[in-house]
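Given next are the chains, with one letter for each unit.
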Amino acid sequence: RPGPLFPLMGLALSAISEDVLSDWFNTEARTSKHQAARALMMFRGFLRWCAARPEFRSMVNRDAGKAAAIVEAMPQVKKRTDCLEAAQVAGWFEGTKKLGNRTLATYLDALLLTGARREEMAALKWADVDFRWNRLTLADKVESTRTIPLTPYLAQQLATLPRVTLADGTASPHVFASNAKGGRITDPRAAMATVKRDAGISLLTVHGLRRSFSLLGEAAGAPAGAIAQVMGHKPSATAEGYRPRSVDALRPYLAQIEAHILELGKIQFVPKAEPAKFELVAAA
């Protein structure tokens, strides 16, 4: 079925005006105002891209999607605030352990323990995991990549994940491999719903795990700048003043956050020299 932007595809760039976009938006909003608003935001990004290209700059009206008639008709966006409360962390870990799928369980736990965006973690490859120097290299929304410390518990979880063999006999390059298109986890929402049900948690989204990391990191006493850098936030003037830290400088803070989350989760973890030989003991 044609998507919301389909009616605009047959138009010349020079024909995209405020009136055209206003008429298009009003038509699409009759079906779904939220879908129309989302499509408009995407199209605005496209116009900005065109305006930055010399070959298209003279053809587009960069501000065409900002007409007052459109802005006033757009639905109000409520800022989400869902996150794990400290008392819910133990239930969260119990829920992921019951999943019966170690890859999915580790993926969801990794989102909580690193604050990574869902696609950043889903795209992780074994080549990006450095067990020797305990580092993870993630695709980044702001920069091309970012490297963060690999903490002891997460290292153990990754090192003991089952490796997937492809049809051609080669090993899958993806850490969180699956039978989905692309060979990796693409949509964890069904697994997330199962974990929430088993844990007795009602309001929590996948992105809420990212918020949870930030809030639990603050509770653990980690500096705001260190938390922001691990999460891949765009550098800004935080309370302490943004100071990029090296991976080794970040390591004690991320280990501190992990230890705090594991304590809340009632997980007794005894690290040893090698990730694959760590011991995990569930608390009574």
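Residues numbered from 1 in each chain as written. Predicted model: local features only at pLDDT ≥ 70, side-chain atom pairs only at ≥ 80, totals over all residues. Heavy atoms only, no water.

J.: Looking at this structure, I do not really get the overall build of the protein chain. What am I missing?
T.: Of the regular secondary structure elements, the protein chain holds 11 helices and 5 strands. When the backbone C-alpha atoms are referred to their principal axes, the protein chain occupies close to 65 × 50 × 40 Å. Counting the 284 residues in the protein chain, one finds 41% classified as buried. Taking as baseline every contact in the protein chain between residues at least 6 positions apart, the subset at least 24 positions apart corresponds to 58%. Surface summary for the protein chain: the accessible area is close to 15,800 Å², and the carbon and sulfur share equals 54%. With 38 positive and 27 negative side-chain charges, the protein chain shows a separation of 1 Å between the mean positions of the two kinds. (Helix = DSSP H or I, 4+ residues; strand = E, 2+ residues; numbered from the N terminus. Buried < 20%, exposed > 50% of the residue type's maximum accessible area, 1.4 Å probe, protein only. Contact = heavy atoms within 4.5 Å. Areas by Shrake-Rupley, 256 points an atom, 1.4 Å probe, with all protein chains shown as cover. Lys, Arg positive; Asp, Glu negative; His and termini not counted. Charge placed at Lys NZ, Arg CZ, Asp CG, Glu CD.)

J.: Where do I start with the packing of aromatic side chains in this structure?
T.: Each pair of aromatic rings is reported with the distance of its centres and the angle of its planes. One pass over the full model with this rule turns up 5 aromatic pairs. Judged by centre distance (5.4 Å) and plane angle (70°), the ring pair of Y107 and F176 falls under edge-to-face. Separated by 69 residues along the polypeptide, Y107 in helix α5 (residues 102–114) and F176 in the loop between α7 (152–159) and α8 (189–199) bring together distant segments of the chain. Side by side, Y107 and F176 carry an identical accessibility label, which is buried. Between Y153 and F269 the ring centres are 5.3 Å apart and the planes differ by 90°, which places this aromatic pair in the edge-to-face class. One end of the pair, Y153, is in helix α7; the other, F269, is in strand β4 (residues 267–270), with 116 residues separating them in the sequence. (Phe/Tyr/Trp six-rings, centres within 6.5 Å; stacked < 30°, edge-to-face > 60°.)

J.: Hey, could you run me through the layout of surface pockets in this one?
T.: Unoccupied space between atoms shows up once a probe the size of one water molecule is rolled over them. Size it by volume and the second largest pocket reaches roughly 320 Å³. Along the walls of the second largest pocket sit 14 residues, with R80, R118, T205, V206 and H207 positioned nearest its centre. Of all the secondary-structure elements, those providing two or more residues to the lining of the second largest pocket are α8 and α9 (206–219). Considering every element that reaches the lining of the second largest pocket, the biggest residue donor is α8, with 4 residues. A class-by-class count of the residues in the lining of the second largest pocket yields 5 nonpolar, 2 polar and 7 charged. (1 Å grid on protein atoms, 1.4 Å probe; cavity = no way out; pocket = protein on both sides within 12 Å on 5 of 7 lines; lining within 4 Å. Points joined across faces, edges and corners; volume = space filled by probe spheres on them. Nonpolar A, V, L, I, M, F, W, Y, C, P; charged D, E, K, R; others polar.)

J.: Can you walk me through the pattern of salt bridges in this structure?
T.: The full count for this structure, using the stated rule, is 12 salt bridges. The closest approach of N and O atoms between R211 and D82, which form a salt bridge, is 2.7 Å. Of this pair, R211 sits in helix α9 while D82 is found in the loop between α3 (68–73) and α4 (89–97), placing the two residues 129 residues apart along the sequence. Note on R211: relative accessible area 21%, which makes it partly exposed. The shortest N-O distance in the salt bridge between D198 and R197 comes to 3.7 Å. Residue classification places D198 among the partly exposed residues on the basis of a relative accessible area of 33%. Classification of R197 by relative accessible area gives exposed; the value is 59%. (Salt bridge = Lys/Arg side-chain N within 4 Å of Asp/Glu carboxyl O.)

J.: I keep staring at helix α1 (residues 18–29) and nothing clicks. Help me out?
T.: What sets the pattern is the α-helix's 3.6 residues per turn: residues three or four places apart point alike. Compared with an ideal rise of 1.5 Å per residue, which puts 12 residues at 16 Å, α1 spans 16 Å between its outermost C-alpha atoms and is within 8% of the ideal. Buried within α1 we find L21, S22, W24, F25, E28 and A29. Around the axis of α1, the buried residues are gathered within 165° of arc, so they sit on the same side. Residues D19 and D23 are exposed on α1 and point more than 90 degrees away from its buried face. Residues of α1 that are buried make contact with α2 (33–51) and α3. (Expected span 1.5 Å × (residues − 1). Arc of directions from axis to C-beta.)

J.: Could you clarify how one ought to interpret the pairing of strand β2 (residues 135–139) in this entry?
T.: Across a regular strand the side chains alternate sides, sitting on one face of the sheet and then on the other. Only one face of β2 is buried, namely the one carrying L136 and L138, since none of R135, T137 and A139 on the opposite face is buried. Strand direction decides the pairing type here: strand β1 (residues 129–130) and β2, joined by 2 bridges, are antiparallel. Looking across to β2, one finds that D130 is bridged to R135. Hairpin connection from β1 to β2: 4 residues lie between these consecutive antiparallel strands, with N134 at a positive phi of about 55°. (Pairing = 2+ DSSP bridges.)

J.: Is there a simple way to think about the environment of L150 in this case?
T.: Mapped onto the elements, L150 comes out in the loop between β3 (145–149) and α7. According to the relative accessible area criterion, L150 is buried, its value standing at 3%. Measuring from C-alpha to C-alpha, the distance between L150 and A193 comes to 27 Å, with 43 residues separating the pair along the chain. Not counting the four nearest positions on each side in its chain, L150 is found in contact with V129, D130, F131, N134, R135, L136, A155, L158 and R251.

J.: Would you mind going over the confidence of the model for the protein chain with me for this structure?
T.: Caution applies to low-pLDDT parts of the model: their predicted coordinates are not meant to be read in detail. With 91% of its residues at a pLDDT of 70 or more, the protein chain shows a mean pLDDT of 87. Within the model, the stretch residues 276–284 combines pLDDT values under 50 with 24 contacts to residues more than four positions away or in other chains. (pLDDT = per-residue confidence, 0-100.)

J.: I tried to follow the packing of α4 against α5 on my own but got confused; where do I start?
T.: Helix-helix packing is described using two parameters, namely the angle between the two axes and the distance between the axes. Where α4 contacts α5, the two axes come as close as 9 Å, and the packing angle between them is 155°. One way to sum up the angle between α4 and α5 is to call them roughly antiparallel. The handedness of the crossing between α4 and α5 is left-handed. Each of W92, F93 and T96 in α4 lies in contact with α5, whose residues at this interface are A105, L108, D109 and L112. Across the contact of α4 with α5, the residue classes break down as 5 nonpolar, 1 polar and 1 charged. (Axes fitted to C-alpha atoms, helices over the stretch in contact; angles between N-to-C directions. Parallel < 35°, antiparallel > 145°, perpendicular 65-115°, else oblique. Left-handed = near helix turned anticlockwise from the far one by under 90°.)

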